[in-house]
Amino acid sequence: MEISRVVEGCPSSSESAGKAEVCKGCPGRMLCQSLGGVDKDQADIDLRMNAVQHKILVVSGKGGVGKSTIAAALANQLATSHKKVGLLDLDICGPSQPLLMGVNGQAVVNTQWGWKPLVSPYTGVKVLSVGSLLASEESSLAFRGPRKTALIKTFVKDVLWGRLDYLIFGE
């Protein structure tokens, strides 16, 4: 969702992003200033995300409450209801979706058109997780802040999800 749709008068898509009067007190002010207006990747992100009818984000302010399990169960249930479903694992530090969805040990293929998500043998859900990009299951990443944001942006921009009824974002 574009910020300007959330805050009336937000100049996020212009050169005055983060500098206008309406920006004072906005928690995203510094980010807008650093980006300098229009995001050069927004058209690519829109192209990928416009092919997805419904986007669902599974989050919580606390760890260890079952977000990954809920995201996997929701994705599988929707798939068994004859829906085209994708599951994007946003848990960078402890990715568990490859194991939950039965794609652990498989490598993600990077094509000239982007990354091809793995397909769960259980229900056909398309799955992408940082866990599938690491050298081994014992490896991990400790990305925070801008590095984590950039990785998530890459997942959204560069993955060949295709036309989906649902894309579940699990953290």
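Throughout, residues of each chain are indexed from 1 in the direction in which the sequence is written. Owing to the predicted nature of the model, reporting of local features is limited to residues with pLDDT of at least 70; listing and counting of side-chain atom pairs is limited to 80 or more, with chain, interface and lining totals taken over all residues. Computation of side-chain values: all heavy atoms of the structure, hydrogens and water removed.

Draft legend 1. Quick look at the environment of Thr-80. Structurally, Thr-80 can be placed in helix α4 (residues 67–80). Categorising residues by exposure relies on relative accessible area from a 1.4 Å probe, with only protein chains included: less than 20% of the type maximum marks a residue as buried, more than 50% marks it as exposed, and the intermediate range marks it as partly exposed. Note on Thr-80: relative accessible area 47%, which makes it partly exposed. Separated by 42 residues in sequence, Thr-80 and Tyr-122 have C-alpha atoms that sit 9.5 Å apart. Any pair of nitrogen or oxygen atoms within 3.5 Å is treated as a polar contact; in protein, a donor-acceptor pairing is required on top of that, and neighbouring residues in sequence qualify only through side-chain atoms on both sides. From its side chain, Thr-80 meets the backbone oxygen of Gln-77 in a polar contact 2.8 Å long. Numbering of helices and strands starts at the N terminus; helices are DSSP runs of H or I of at least 4 residues and strands are runs of E of at least 2.

Draft legend 2. Structural view of the sheet that holds strand β5 (residues 118–119). The strand order β1-β7-β2-β6-β5 describes an open sheet built from 5 strands, whose pairing is mixed. Edge positions in the sheet fall to β1 (52–58) and β5, since each has one partner strand and no second. With 6 bridges connecting them, β1 and strand β7 (residues 164–170) associate as parallel partners. Within β7, the position partnered with Val-58 by the bridge is Gly-170. Whether two residues are in contact is decided by their heavy atoms: any pair within 4.5 Å suffices. Here the axes come from fitting lines to C-alpha atoms, over the contacting stretch only for helices, and the angles between their N-to-C directions go from 0 to 180 degrees. In the packing of helix α6 (residues 145–158) onto the sheet, the strands contacted are β2 (85–89), β6 (126–129) and β7, and the crossing angle to β2 comes to about 160 degrees. Paired strands, as defined in this entry, are two strands with at least two bridges between them according to DSSP.

Draft legend 3. Local environment of the environment of Asp-165. Here Asp-165 is to be found in strand β7. The spatial distance from the C-alpha of Asp-165 to the C-alpha of Lys-83 is 5.9 Å, given a sequence separation of 82 residues. Dropping the residues within four chain positions of it, Asp-165 is found in contact with Gln-53, His-54, His-82, Lys-83 and Lys-84.

Draft legend 4. Molecular detail of the pattern of salt bridges. Within this document, salt bridges are pairs made up of a side-chain nitrogen of Lys or Arg and a carboxyl oxygen of Asp or Glu, the two lying within 4 Å of each other. Summed over all chains, the structure comprises 5 salt bridges. A salt bridge links Asp-41 to Lys-40; the shortest N-O distance between them is 3.5 Å. Its relative accessible area of 12% is what places Asp-41 among the buried residues. For Asp-158, the salt bridge is made with Lys-157, and the minimal N-O distance between the two is 3.1 Å. One network of salt bridges, in which partners are shared, links Lys-40, Asp-41 and Lys-153.

Draft legend 5. Representation of α6. Expected span of a helix: the number of residues minus one, times 1.5 Å. Between its terminal C-alpha atoms α6 stretches 20 Å, which fits the 20 Å expected from 14 residues at 1.5 Å a residue. Turning to α6, its buried residues number three or more, namely Leu-151, Phe-155, Val-156 and Lys-157. Those residues of α6 that are buried are in contact with α3 (42–49), β2, β4 (114–116), β6 and β7.

In short, the description is geometric, and any link to function would need to be established separately.
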